[in-house]
Amino acid sequence: MSCNTLSAWDRQHLIHPVTNFRAHENQGVRILESAKGSWLKDIHGKEVLDAFAGLWCVNVGYGQQSVADVAAEQMRRLPYATGYFSFGSEPAIELARRLVEVSPASLQHVYFSLGGSDAVDAAIRYITHYYNSTGQPSRKQFIALERGYHGSSSTGAGLTGLPVFHQNFDLPRPNQHHIPCPYAYRNPLGDDPAALIAESVSHLRAKVVELGVDKVAAFFCEPIIGSGGVLVPPVGWLKAMQDTCRDLGILFVVDEVITGFGRTGPLFACDAEGVEPDLMTLAKGLTAGYAPMGAVMMSTAVYAGIADGNANDSLVGHGQTYSAHPVSAAVGLEVLRLYHEGGLLEHGQSVAPCFEQHLQDMLDHPLVGDARQRGLLGALELVADKNTKARFDPSLKLHERLSSIAWENGIVFRTFGDNILGFAPALCFTEQEFDILFERLRVSLDSLLEQPEVFRAVA
Ligand SMILES: Cc1ncc(COP(=O)(O)O)c(C=O)c1O
């Protein structure tokens, strides 16, 4: 099929996620054709270095033969097995067992979803069910962070703290609330870790008191805010939020959809601080993007509350045709093997200091105001004025200009609307690839700065 035909069909028929429909029609699609390691090839044969692991998900890199092999074998043997009516499949049971083995000790039970959004939705539904079935029906209020992202399902998107996911969708719901997030670079308190942690704790306490201590169900957060601009809180923040939730008697839900599976160094960001959430949501690195799958893990207390409190033998009415899909589960098992026995977790940890050094080195560029990172999750924040941290006028559409230049220069990363550049390279990224990435990035930022409108906008 010719590229022109595909582009025309795309314009006519394919709705892309989180796009301006008309702008996408004007811009057209970039068709990707194949990939190997951290390199993508488009339909014209152009090769680009992917510093975003697809959508922060292809943590094992592209072209892992063993993953393709287990998927093909599972498809031949048993392509589908429902989890309904007490049926099951070997890979799904094994994956649940493996996840319980490698995740924080508090988490003993797993429900498999198709991705992150429905994992979050499942968590909300199970929490609601838990409180209703344990005689606490007044606990209906949910709290999350401003700029947090918890997917785009019809309920979960209300916990997301980004306006674009609310506008015209009648969200957030009246029982969904947000508190300020820890954003060190733009916090008037500066980057004093203790002050930032204390501030978040007091925001959470104040919100729970405002809503009523016996009315709040749960607090949801990402260990590092991802889609809201890679906001890295101080070490100790996650533990402090957990302790506050325990103290207030509300459930603590950690969304590790991005941070899970080696993204920040350990297998889970929770591990770095000995955090044991009541529920945890997963997706992305769970199957490294090779097949769709997400999960919500829960503690025995929550599980038992639902199991034993459920009235009159009635069913817990939550399910999906493709929950615990055997092909995705087989992929998940092989991907977990690659993280551990395959050495990818260790490799990711070994190249993280190189990534950090390159990010820090970018601070001398006239456009770069902040560099932040943990493990292989990082960001640069572009500003018009480094002293005042003033942002660029959104009408300049700096992020769109930069993503085009970067593509031309053979690199892909995430350019957020407020001119934060997000990086999430695969765990197989090499030091040589970091050299290439940052050399091309500097050239791209120089070209951006040479554009007269951009040059004029810089203080
Ligand atoms: C923290 C977090 N939660 C949930 C989601 C939603 O996951 P999905 O896009 O697989 O539905 C995402 C996606 O980026 C995410 O980053």
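No experiment lies behind these values; they were computed from the predicted model shown.

1. Digging into the overall build of the protein chain
Phase 1: From N to C terminus, the protein chain includes 16 helices and 15 strands.
Phase 2: What you see for the protein chain is a C-alpha radius of gyration of 22 Å, in line with the 23 Å of a compact globule of 459 residues.
Phase 3: Each principal axis of the C-alpha atoms in the protein chain carries an extent, and together these give about 70 × 55 × 45 Å.
Phase 4: Looking at the protein chain as a whole, 54% of its 459 residues are labelled buried.
Phase 5: Long-range pairs, those at least 24 residues apart, make up 71% of the contacts in the protein chain between residues at least 6 apart in sequence.
Phase 6: Looking at the protein chain as shown, the accessible area adds up to about 19900 Å², and 54% of this sits on carbon and sulfur atoms.
Phase 7: Between the mean site of the 35 positive side-chain charges and the mean site of the 51 negative ones, the protein chain shows a separation of 4 Å.

2. Concerning the sheet that holds strand S6 (residues 176–179)
Phase 1: Pairing within the open sheet is mixed, and its 7 strands lie in the order S4-S10-S9-S8-S7-S5-S6. Only two strands of the sheet have a single neighbouring strand rather than two, namely strand S4 (107–113) and S6. Across the sheet, the mean angle separating the axes of adjacent strands is 20° when strand polarity is ignored.
Phase 2: Direction of pairing for S4 relative to strand S10 (residues 294–299): antiparallel, over a ladder of 6 bridges. Residue pairing in the sheet places His109 in a bridge with Met298 of S10.
Phase 3: In the packing of helix H6 (residues 116–133) onto the sheet, the strands contacted are S4, strand S5 (141–145), strand S7 (216–221), strand S8 (251–255), strand S9 (279–282) and S10, and the crossing angle to S7 comes to about 160°.

3. With respect to the site of the ligand
Phase 1: Within the structure, the ligand sits among Gly115, Gly116, Ser117, Tyr149, His150, Gly151, Glu222, Asp255, Val257, Ile258 and Lys284.
Phase 2: Asp255 is positioned with one of its side-chain polar atoms (N or O) 2.7 Å from a nitrogen atom of the ligand.
Phase 3: Split into classes, the residues belonging to the shell around the ligand amount to 3 nonpolar, 5 polar and 3 charged.

4. Details of the packing of helix H13 (residues 344–361) against helix H15 (residues 431–450)
Axes are the key here: two packed helices are described by the angle between their axes and the distance separating the axes.
Phase 1: Look at H13 against H15: their axes get within 10 Å of each other, and the N-to-C directions meet at 15°. Here H13 lies roughly parallel to H15, going by the angle between them. Here H13 and H15 pass one another in a crossing that is right-handed. Within the contact between the two elements, H13 uses Ser350, Val351, Cys354, Phe355, His358, Leu359 and Asp361 and H15 uses Glu431, Phe434, Asp435, Phe438 and Arg442.
Phase 2: Across the contact of H13 with H15, the residue classes tally to 6 nonpolar, 2 polar and 4 charged.

5. Overview of the pattern of salt bridges
Phase 1: This structure, assessed with the given rule, holds 17 salt bridges.
Phase 2: Residues Glu25 and Arg22 are paired through a salt bridge, measuring 3.0 Å at the closest nitrogen-oxygen approach. Pair noted here: Glu25 and Arg22 are both in helix H2 (residues 21–27), with a separation of 3 residues, about one helical turn.
Phase 3: Where Arg186 meets Glu381, a salt bridge forms, and the shortest distance between an N and an O atom there is 2.8 Å.

6. Details of the domain arrangement of the protein chain
Phase 1: Each domain of the protein chain was delimited in the assignment, giving domain 1 (31–63 + 343–457) and domain 2 (66–339).
Phase 2: One C-alpha centre belongs to domain 1, the other to domain 2; they are set 27 Å apart.
Phase 3: Counting from both sides, the interface comprises 37 residues of domain 1 and, opposite them, 33 residues of domain 2.
Phase 4: Broken down residue by residue, the surface that domain 1 buries against domain 2 is led by Trp56, Arg374 and Leu377, which jointly contribute 26%.
Phase 5: Summed over the shared surface of domain 1 and domain 2, the result is 2 salt bridges.
Phase 6: At the boundary of domain 1 and domain 2, one finds 22 residue pairs in polar contact (both at pLDDT 80 or more).
Phase 7: Elements supplying a minimum of two residues to the side of domain 1 that touches domain 2: helix H3 (53–56), H13, strand S11 (368–374), strand S12 (377–382) and strand S15 (420–423).
Phase 8: Counting residues per element, the side of domain 1 that touches domain 2 draws most heavily on S11, at 5 residues.
Phase 9: Its residues assigned to classes, the side of domain 1 that touches domain 2 shows 19 nonpolar, 10 polar and 8 charged.

7. Here's the deal with the nonpolar core
Phase 1: Of all hydrophobic cores here, the largest spans 107 residues; its most connected members are Phe219, Tyr339, Leu382, Phe423, Leu441 and Leu445.
Phase 2: Here this core takes 8 residues from helix H12 (residues 326–339), the largest share from any one element.
Phase 3: There are two domains that each give this core at least three residues, and those are domain 1 (31–63 + 343–457) and domain 2 (66–339).
Phase 4: Listed in part, the 22 residues of the second largest apolar core include Tyr130, Phe142, Leu159 and Val302.

8. Description of the layout of surface pockets
Phase 1: Here the second largest pocket is characterised by a volume of approximately 1000 Å³.
Phase 2: Considering the residues around the second largest pocket, the lining is formed by 31 residues, among which Gly83, Tyr111, Tyr126, Val316 and His318 are closest to the centre.
Phase 3: Sorting the residues of the lining of the second largest pocket by element identifies helix H5 (90–102), S4 and helix H11 (300–309) as the ones contributing at least two each.
Phase 4: Residue composition of the lining of the second largest pocket, by class: 18 nonpolar, 13 polar and no charged.

9. With respect to H12
Phase 1: Between its first and last C-alpha atoms H12 spans 20 Å; for 14 residues at 1.5 Å apiece the expected length is 20 Å, and the two agree.
Phase 2: When you tally the buried positions in H12, you get 13 out of 14 residues, the bulk of the element.

10. Re the side chain of Ser328
Phase 1: In this structure, Ser328 sits in helix H12.
Phase 2: Every residue in contact with Ser328, bar those within four places of it in the chain, is listed here: Thr287, Ala291, Pro292 and Met293.

Conventions used here
Residues numbered from 1 in each chain as written. Predicted model: local features only at pLDDT ≥ 70, side-chain atom pairs only at ≥ 80, totals over all residues. Heavy atoms only, no water. Helix = DSSP H or I, 4+ residues; strand = E, 2+ residues; numbered from the N terminus. Rg over C-alpha atoms; globule rule 2.2 N^0.38 Å. Buried < 20%, exposed > 50% of the residue type's maximum accessible area, 1.4 Å probe, protein only. Contact = heavy atoms within 4.5 Å. Areas by Shrake-Rupley, 256 points an atom, 1.4 Å probe, with all protein chains shown as cover. Lys, Arg positive; Asp, Glu negative; His and termini not counted. Charge placed at Lys NZ, Arg CZ, Asp CG, Glu CD. Pairing = 2+ DSSP bridges. Axes fitted to C-alpha atoms, helices over the stretch in contact; angles between N-to-C directions. Near = heavy atom within 4 Å. Polar contact = N/O pair within 3.5 Å; in protein donor to acceptor, adjacent residues only side chain to side chain. Nonpolar A, V, L, I, M, F, W, Y, C, P; charged D, E, K, R; others polar. Parallel < 35°, antiparallel > 145°, perpendicular 65-115°, else oblique. Left-handed = near helix turned anticlockwise from the far one by under 90°. Salt bridge = Lys/Arg side-chain N within 4 Å of Asp/Glu carboxyl O. Domains from an automatic or database assignment. Buried area = accessible area lost by both parts, 1.4 Å probe. Core = buried A, V, L, I, M, F, W, Y, C linked by side-chain atoms within 4.5 Å. 1 Å grid on protein atoms, 1.4 Å probe; cavity = no way out; pocket = protein on both sides within 12 Å on 5 of 7 lines; lining within 4 Å. Points joined across faces, edges and corners; volume = space filled by probe spheres on them. Expected span 1.5 Å × (residues − 1).

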